[in-house]
Amino acid sequence: MSNLLSAEQSEYWSELAQTYVWKKKWDNLISGDFHKADVKWFNGAELNITENCLDRHLENRRNKKALIFEPNNPNEPSSFLTYGELHLSVCRFANLLKSKGIKKGDVVCFYMGMTPELMIGILACARIGAIHTVVFGGFSPLSLRGRLEDSKAKLIVTHDGAYRGDKLIQLKAMVDEAIEGLDSVETVLVVKRTNNEINMKGGRDYNYETVIKSAELYCPPTPVEAEHPLFILYTSGSTGKPKGLLHTTAGYMVHVGKSFKDVFQYKENDIFWCTADIGWITGHSYMTYGPLLNGATTVMFEGVPTFPTPARFWEVVEKHKVTHLYTAPTAIRSLEKFGHEIPDKFKMSSLKVLGSVGEPINEEAWHWYHKHVGKEKCPIVDTWWQTETGGILISPMAGLTKLKPAHATLPLPGIEPCLMDENGKEIKDLVASGNLCLKTPWPSLARTIYGDHERFIQTYFSTYPGYYFTGDGAKRDSDGYYRITGRVDDVINVSGHRIGTAEVEDAINEHPSVIESAVVGLPHPIKGQGLYAFVIPVDGVEDSEALEKEIRETVNKIIGPIAKPDLIQVVEGLPKTRSGKIMRRILRKIVENEIESIGDTSTLLNPEIVEKLIAGKKELN
Ligand code: WT7
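On a predicted model such as this, the values are computed, not experimentally measured, just so you know.

## A few points about the overall build of the protein
Right, on to step 1. A tally of helices and strands in the protein yields 19 helices and 30 strands.
Right, on to step 2. In terms of C-alpha radius of gyration, the protein reaches 24 Å, essentially the compact-globule figure of 25 Å for 621 residues.
Right, on to step 3. In terms of overall dimensions, the protein has a C-alpha envelope of 75 × 60 × 55 Å along the principal axes.
Right, on to step 4. Burial status across the protein gives 62% buried among its 621 residues.
Right, on to step 5. Contacts in the protein between residues at least 24 apart in sequence constitute 71% of all its contacts with a sequence separation of at least 6.
Right, on to step 6. Of the roughly 24,300 Å² of accessible surface on the protein, 51% is carried by carbon and sulfur atoms.
Right, on to step 7. Here the protein carries 71 positive and 79 negative side-chain charges, and the mean point of each set is 5 Å from the other.

Printed below as a string of structure tokens:
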């Protein structure tokens, strides 16, 4: 027994853990101190997560489809891998990694489009105890370089190019740019996908198709300690550069496998489609590990919801008889725009459960999804969680929890959320609103920020000592249901992706004509939130389309297309306190058109600026 958990929680997690395959059982369930963010789970245990995802299914599911691949272009045939084939592919990829000198504890980076080799590759890392770090292909070479410098990855796997809708993204060329002069990267494996012309550097770059030919067919799973790192995933915070959240093996496995089963009420013959990219945590936990831990069939889609037409999602659902569709509110809203007539043409009779993730789902999108996609017979699980939490923490269980539109509802078993008031005290009243925290540990929490444990403690455990602080605000109603209201820090949720305002400002400020900038969230009909940038130019520079274009291009180059500001307002000053701090609250009110509630501005250093900002406000068209 430990004082970190209740007796029931300890029993719950121990019993659950028994359902997995271990090389060696744990000596004690949990140790450490939640205050210091150093809680460890399943001490003394050894295991390999791929044995749980693959080997243990071979006896009964060898010929069952593990992965269905739906290519970007619908005219290209889809393909699949059975559990037997996936196991073989992972073994061979693992042997290839070994032959390139990758050992337990080494970091391997993936910068790829969505094809089976990406999933095979990360599982191959886990097979040999190497640590994977997937960088979303929409990040720029400079962003990739920053992540490579931070993680010290020795090997990168990429594609010659990637298809996304009607675009071809030159991934290999982007890798070349990113690793120019970076000695830590020893090897680049290039998987062929688009056949565009690329440069290959002798002794560093290898064609995957060529080198995989000589890889042995079987690779034994390397047993690793329970707390051995499984992956690093970078995400934005309110300050500084992106943080590399480190997840470890046993705890992640135990919660992710079970939450998949519970939330989606997964049954043996279901076909599960998570539309996220593996570059995000959702693609790790609920396209890869969660389904495979349960022996499920998971669908991987290479393309985008609107290519070649906005009927694509519904066509894929019918084509593969998808039973579970797990997507983001931004995708739903982007399809809603084309009218319900499109999904109404499809019966989608295989569908049983719909899921939502990434941002608060607005009621309108919820009802549209429920009626036109789910035909009013599929429950919607609105799953709240974060890169840091590893798996879903607050969500309905499909068909079991009474739904309330736009509510993430109740915590999963073993999870203990709470709300904090402005004095830093836990609110005991049932009906309340406050900052969302977790008061007891759970196994799939990230263990640290790679290389910076102090920052991990600072970011998540210092605001409310003894609690994990999520950065989200929430409301709790008389049923105890949670409704997540959104970030309370300087993080903006653009199309379900986290963008730190400081990061975008730093990028904008790199433009030679910019002195200072401030970025705030802009209510956006499709993205949920967009980015609104106030920019102070150097003397003599005027607002012009050319300048705006250049600023966007600067951000694109430094971070990537997802961080390009939607609106840019060139201003002569920003509202500041007498100590020189930008009053973001005022900027937010202006951008949200809540001029009446701006309040008293007389204490500002430059109160006259507020009127000017309001007068020059830009609108989305
Ligand atoms: C942030 C985490 C979780 C995987 C995808 C995003 C927001 C996430 C919900 C939801 C309201 C949600 C929160 C959270 N968020 N799911 N169901 N309802 N908000 O992972 O990039 O780590 O972002 O996404 O603000 O803190 P992430």
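## Observations regarding the packing of aromatic side chains
Right, on to step 1. The tally for this structure, following the rule as stated, stands at 33 aromatic pairs.
Right, on to step 2. Taken together, a centroid distance of 5.9 Å and an interplanar angle of 40° make the contact between Trp-41 and Phe-42 tilted.
Right, on to step 3. Here Tyr-286 and Trp-385 contribute two aromatic rings whose centre-to-centre distance is 5.1 Å and whose plane-to-plane angle is 90°, an arrangement assigned as edge-to-face. Taken as a pair, Tyr-286 in helix H10 (residues 281-293) and Trp-385 in the loop between strand S20 (380-383) and strand S21 (417-420) lie far apart in primary sequence, 99 residues in all. Judged on exposure class, the residue Tyr-286 and its partner Trp-385 are both buried.

## Overview of unusual backbone geometry
Right, on to step 1. Note the cis peptide between Phe-307 and Pro-308, where omega equals -5°.
Right, on to step 2. On the secondary structure map, Pro-308 appears in the loop between strand S17 (297-301) and helix H11 (312-319).
Right, on to step 3. Although it is not a glycine, Gln-265 adopts a positive phi angle of roughly 50°.
Right, on to step 4. By the secondary structure assignment, Gln-265 is in the loop between helix H9 (249-264) and strand S16 (271-274).

## Considerations on the pairing of strand S4 (residues 65-70)
Right, on to step 1. Most of S4 sits out of view: five of its six residues are buried.
Right, on to step 2. Pairing geometry for S4 and strand S5 (residues 79-82), over four bridges, is antiparallel. When the bridges of S5 are listed, Phe-69 appears paired with Ser-79.
Right, on to step 3. One ladder, built from four bridges, connects S4 with S17; its direction is parallel. Bridge assignment links Leu-67 to a residue of S17, and that residue is Thr-298.

## So, the sheet that holds strand S25 (residues 482-487)
Right, on to step 1. What the four strands build is an open sheet, ordered S21-S22-S24-S25; its pairing is antiparallel. The open sheet has two edge strands, S21 and S25, and neither has a second partner. Averaged over all pairs of adjacent strands, the angle between their axes in this sheet comes to 45°, without regard to strand direction.
Right, on to step 2. Both strand S22 (residues 432-438) and strand S24 (residues 468-476) contribute to a ladder of six bridges, which runs antiparallel. By the bridge assignment for S24, Gly-434 is matched with Ala-474.

## Section: the sheet that holds strand S18 (residues 324-327)
Strands belonging to one sheet form pairs held by backbone hydrogen bonds; the direction of such a pair is parallel or antiparallel.
Right, on to step 1. Taken together, seven strands build an open sheet; the order of strands is S5-S4-S17-S16-S18-S19-S20 and the sheet is mixed. The strands lining the two open edges of the sheet, one partner per strand, are S5 and S20. Along the sheet, successive strands turn relative to each other by an average axial angle of 20°, direction set aside.
Right, on to step 2. Strand direction decides the pairing type here: strand S19 (residues 353-357) and S20, joined by four bridges, are parallel. The residue of S20 that forms the bridge with Leu-354 is Ile-380.

## So, the site of the ligand
Right, on to step 1. By nearness alone, 17 residues border the ligand, and Asp-382, Thr-383, Thr-387, Asp-472 and Arg-498 come closest of all.
Right, on to step 2. One of the side-chain N or O atoms of Arg-487 is found 2.8 Å from an oxygen atom in the ligand.
Right, on to step 3. The protein chains hide 96% of the 550 Å² of surface that the ligand would expose on its own.
Right, on to step 4. Of all the elements in the fold, those that place two or more residues in the shell around the ligand are H10, S20 and S25.
Right, on to step 5. Broken down by class, the residue content of the shell around the ligand amounts to six nonpolar, six polar and five charged.

## Here's the deal with the pattern of salt bridges
Right, on to step 1. In the structure shown here, the tally under the stated rule is 37 salt bridges.
Right, on to step 2. For Arg-312, the salt bridge goes to Glu-70, with nearest N and O atoms at 2.6 Å. Here Arg-312 is found in helix H11, whereas its partner Glu-70 is found in strand S4, with 242 residues between them in sequence. Considered together, Arg-312 and Glu-70 belong to a single accessibility category, that of buried residues.
Right, on to step 3. With a closest N to O distance of 2.6 Å, Lys-172 and Asp-176 form a salt bridge. Of this pair, Lys-172 and Asp-176 both sit in helix H7 (residues 171-179), four residues apart, which is roughly one turn of the helix. The exposure classification of Lys-172 matches that of Asp-176, with both residues buried.
Right, on to step 4. One network of salt bridges, in which partners are shared, links Lys-172, Asp-176, Arg-204 and Asp-205.

## Side note on the pairing of S20
Right, on to step 1. Burial along S20 is two-sided: the residues Ile-380 and Asp-382 and Val-381 and Thr-383 are all buried.
Right, on to step 2. Each parallel crossover has a hand, and for S19 linked through helix H14 (residues 363-373) to S20 it is right-handed.

## Focus: the domain arrangement of the protein
Right, on to step 1. Along its sequence, the protein is organised into domain 1 (10-19 + 47-426) and domain 2 (495-616).
Right, on to step 2. A separation of 33 Å is found between the C-alpha centroids of domain 1 and domain 2.
Right, on to step 3. In this assembly, 24 residues from domain 1 lie in contact with 20 residues from domain 2.
Right, on to step 4. On the domain 1 side of the interface with domain 2, the three residues burying the most area are Ser-236, Thr-330 and Arg-333, jointly 26% of the side's total.

## Notes on the nonpolar core
One broad rule of soluble globular proteins: the nonpolar side chains tend to lie buried together.
Right, on to step 1. Counting 113 residues, the largest nonpolar core has Trp-22, Phe-42, Phe-110, Phe-264 and Tyr-289 as its most contacted members.
Right, on to step 2. Apart from residues no more than four positions distant in its own chain, Trp-22 is found in contact with Ala-17, Phe-42, Ala-45, Glu-46, Leu-47, Ala-250, Met-253 and Val-254.
Right, on to step 3. Of all hydrophobic cores here, the second largest spans 44 residues; its members include Ile-232, Ala-507, Leu-547 and Ala-563.

## Remarks on the side chain of Gln-569
Right, on to step 1. Position of Gln-569 among the secondary structure elements: in strand S30 (residues 567-570).
Right, on to step 2. Residue classification places Gln-569 among the buried positions, given a relative accessible area of 3%.
Right, on to step 3. Ignoring sequence-local partners within four residues, the contact set of Gln-569 consists of Tyr-532, Ala-533, Phe-534, Val-535, Lys-612, Leu-613, Gly-616, Lys-617 and Lys-618.

What counts and how
- Residues numbered from 1 in each chain as written.
- Predicted model: local features only at pLDDT ≥ 70, side-chain atom pairs only at ≥ 80, totals over all residues.
- Heavy atoms only, no water.
- Helix = DSSP H or I, 4+ residues; strand = E, 2+ residues; numbered from the N terminus.
- Rg over C-alpha atoms; globule rule 2.2 N^0.38 Å.
- Buried < 20%, exposed > 50% of the residue type's maximum accessible area, 1.4 Å probe, protein only.
- Contact = heavy atoms within 4.5 Å.
- Areas by Shrake-Rupley, 256 points an atom, 1.4 Å probe, with all protein chains shown as cover.
- Lys, Arg positive; Asp, Glu negative; His and termini not counted.
- Charge placed at Lys NZ, Arg CZ, Asp CG, Glu CD.
- Phe/Tyr/Trp six-rings, centres within 6.5 Å; stacked < 30°, edge-to-face > 60°.
- Pairing = 2+ DSSP bridges.
- Axes fitted to C-alpha atoms, helices over the stretch in contact; angles between N-to-C directions.
- Near = heavy atom within 4 Å.
- Polar contact = N/O pair within 3.5 Å; in protein donor to acceptor, adjacent residues only side chain to side chain.
- Nonpolar A, V, L, I, M, F, W, Y, C, P; charged D, E, K, R; others polar.
- Salt bridge = Lys/Arg side-chain N within 4 Å of Asp/Glu carboxyl O.
- Right-handed = clockwise from strand over helix to strand, strands pointing away.
- Domains from an automatic or database assignment.
- Buried area = accessible area lost by both parts, 1.4 Å probe.
- Core = buried A, V, L, I, M, F, W, Y, C linked by side-chain atoms within 4.5 Å.

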